[in-house]
Amino acid sequence: MSDTAPPSVLFVCVHNAGRSQMAAAFLAHLAGDRVQVRSAGSAPAETVNPSVVAALAEVGIDISAETPKVLTVEAVEASDVVITMGCGDSCPVFPGKRYLDWQLPDPAGQGIEAVRPIRNKIEERVRGLIDEIATVGEK
């Protein structure tokens with residue numbers, strides 16, 4: 001058993017109210033304490049999108065207490081992997097970090113019917129990310 005800290009992942013989108021919240025919730029739910037999870041937005045909304053909360057509740061994940069958080073330099077510096085989801089040039093870039101950009105539709109203003117396929121794509125990508133991180137951690 002290694003005494004190193006688990007890998008940390010930061011999910012970033014503009015409002016931190018939809019995609020990044022779903023991705024962070026799936027990663028925390030599926031990986032548990034094997035991964036440190038953060039999410040933030042370059043221009044955070046007041047609240048998490050209610051359709052996103054409802055779509056995650058359908059799969060047994062409760063994010064009703066989550067609130068959008070502002071993206072900070074410290075959050076990026078503290079993360080091993082930074083995954084952006086449509087935040088454009090507003091995400092700070094630091095050497096030595098791994099950056100991924102997940103192109104996903106924005107659930108803002110969408111009903112739950114439109115959010116479900118986005119949720120399912122995010123879950124699929126998060127599962128792939130966990131497999132990737134697990135193999136990196138075992139080397």
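Residues numbered from 1 in each chain as written. Predicted model: local features only at pLDDT ≥ 70, side-chain atom pairs only at ≥ 80, totals over all residues. Heavy atoms only, no water.

Draft legend 1. Region of the structure containing the overall build of the protein chain. Assigned secondary structure in the protein chain consists of 4 helices and 4 strands. Secondary structure elements in the protein chain, listed N-terminal to C-terminal, are β-α-β-α-α-β-β-α. Expressed as a percentage of its 139 residues, the buried residues of the protein chain come to 41%. Here the analysis covers contacts within the protein chain between residues at least 6 apart in sequence; of these, 70% occur between residues at least 24 apart. Of the accessible surface of the protein chain, which amounts to about 7300 Å², a share of 53% is contributed by carbon and sulfur atoms. (Helix = DSSP H or I, 4+ residues; strand = E, 2+ residues; numbered from the N terminus. Buried < 20%, exposed > 50% of the residue type's maximum accessible area, 1.4 Å probe, protein only. Contact = heavy atoms within 4.5 Å. Areas by Shrake-Rupley, 256 points an atom, 1.4 Å probe, with all protein chains shown as cover.)

Draft legend 2. Spotlight on the packing of aromatic side chains. Inspection of every chain in the model, using the stated rule, returns 1 aromatic pair. The interplanar angle of 55 degrees and the centroid separation of 5.8 Å between the aromatic rings of Phe-11 and Trp-102 together place this pair among those described as tilted. Taken together, the positions of Phe-11 in strand β1 (residues 8-13) and Trp-102 in the loop between β4 (98-101) and α4 (112-138) put the pair 91 residues apart, joining distant regions of the chain. This pair shows no difference in class: Phe-11 is buried, exactly as Trp-102 is. (Phe/Tyr/Trp six-rings, centres within 6.5 Å; stacked < 30°, edge-to-face > 60°.)

Draft legend 3. Expanded view of the nonpolar core. Counting residues in each nonpolar core, the largest one holds 31 residues, and the members touching the most others are Val-9, Phe-11, Leu-27, Trp-102 and Val-126. If you tally residues by element for this core, the top one is α4, at 8 residues. Setting aside chain neighbours within four positions, we find Trp-102 in contact with Phe-11, Ala-23, Ile-83, Thr-84, Met-85, Gly-86, Arg-125, Val-126 and Leu-129. Formed by 7 residues, the second largest nonpolar core is a distinct cluster that contains Leu-10, Val-12, Leu-71 and Ala-75. (Core = buried A, V, L, I, M, F, W, Y, C linked by side-chain atoms within 4.5 Å.)

Draft legend 4. Geometry of the sheet that holds β1. Read from one edge to the other, the open sheet built from 4 strands follows the order β2-β1-β3-β4, with strand pairing classed as parallel. Every interior strand has two partners, whereas the edge strands, β2 (36-41) and β4, have only one. Sheet twist, expressed as the average angle between the axes of neighbouring strands with direction ignored, equals 20 degrees. Note: β1 against β2, 6 bridges, orientation parallel. (Pairing = 2+ DSSP bridges. Axes fitted to C-alpha atoms, helices over the stretch in contact; angles between N-to-C directions.)

Draft legend 5. Spotlight on unusual backbone geometry. The phi torsion at Asn-16 lies on the positive side, around 50 degrees, for a residue other than glycine. Secondary-structure assignment places Asn-16 in the loop between β1 and α1 (19-31). Classification of Asn-16 as buried rests on a relative accessible area of 0%.

Draft legend 6. The arrangement of the confidence of the model for the protein chain in detail. Across the protein chain, pLDDT averages 89, with 89% of residues at or above 70. Mean pLDDT in the protein chain bottoms out at α4, which sits at 88, and peaks at helix α2 (residues 50-57), which reaches 98. (pLDDT = per-residue confidence, 0-100.)

Draft legend 7. Quick peek at the environment of Gln-110. Along the chain, the position of Gln-110 falls in the loop between β4 and α4. When its relative accessible area of 35% is taken as the criterion, Gln-110 is described as partly exposed.

Draft legend 8. View of the pattern of salt bridges. Applying the stated criterion across every chain yields a total of 6 salt bridges. Across the pair Glu-66 and Lys-69 runs a salt bridge whose closest N-O atoms are separated by 3.6 Å. Its salt-bridge partner being Glu-132, residue Arg-98 comes within 2.3 Å of it at the nearest N-O pair. Taken together, the residues Arg-98 in strand β4 and Glu-132 in helix α4 connect sequence positions 34 residues apart. Judged by relative accessible area, Arg-98 falls into the partly exposed class, the value being 33%. Judged by its relative accessible area of 32%, Glu-132 falls in the partly exposed class. A cluster of three or more residues bridged by salt bridges with shared partners is formed by Glu-58, Arg-116 and Arg-119. (Salt bridge = Lys/Arg side-chain N within 4 Å of Asp/Glu carboxyl O.)

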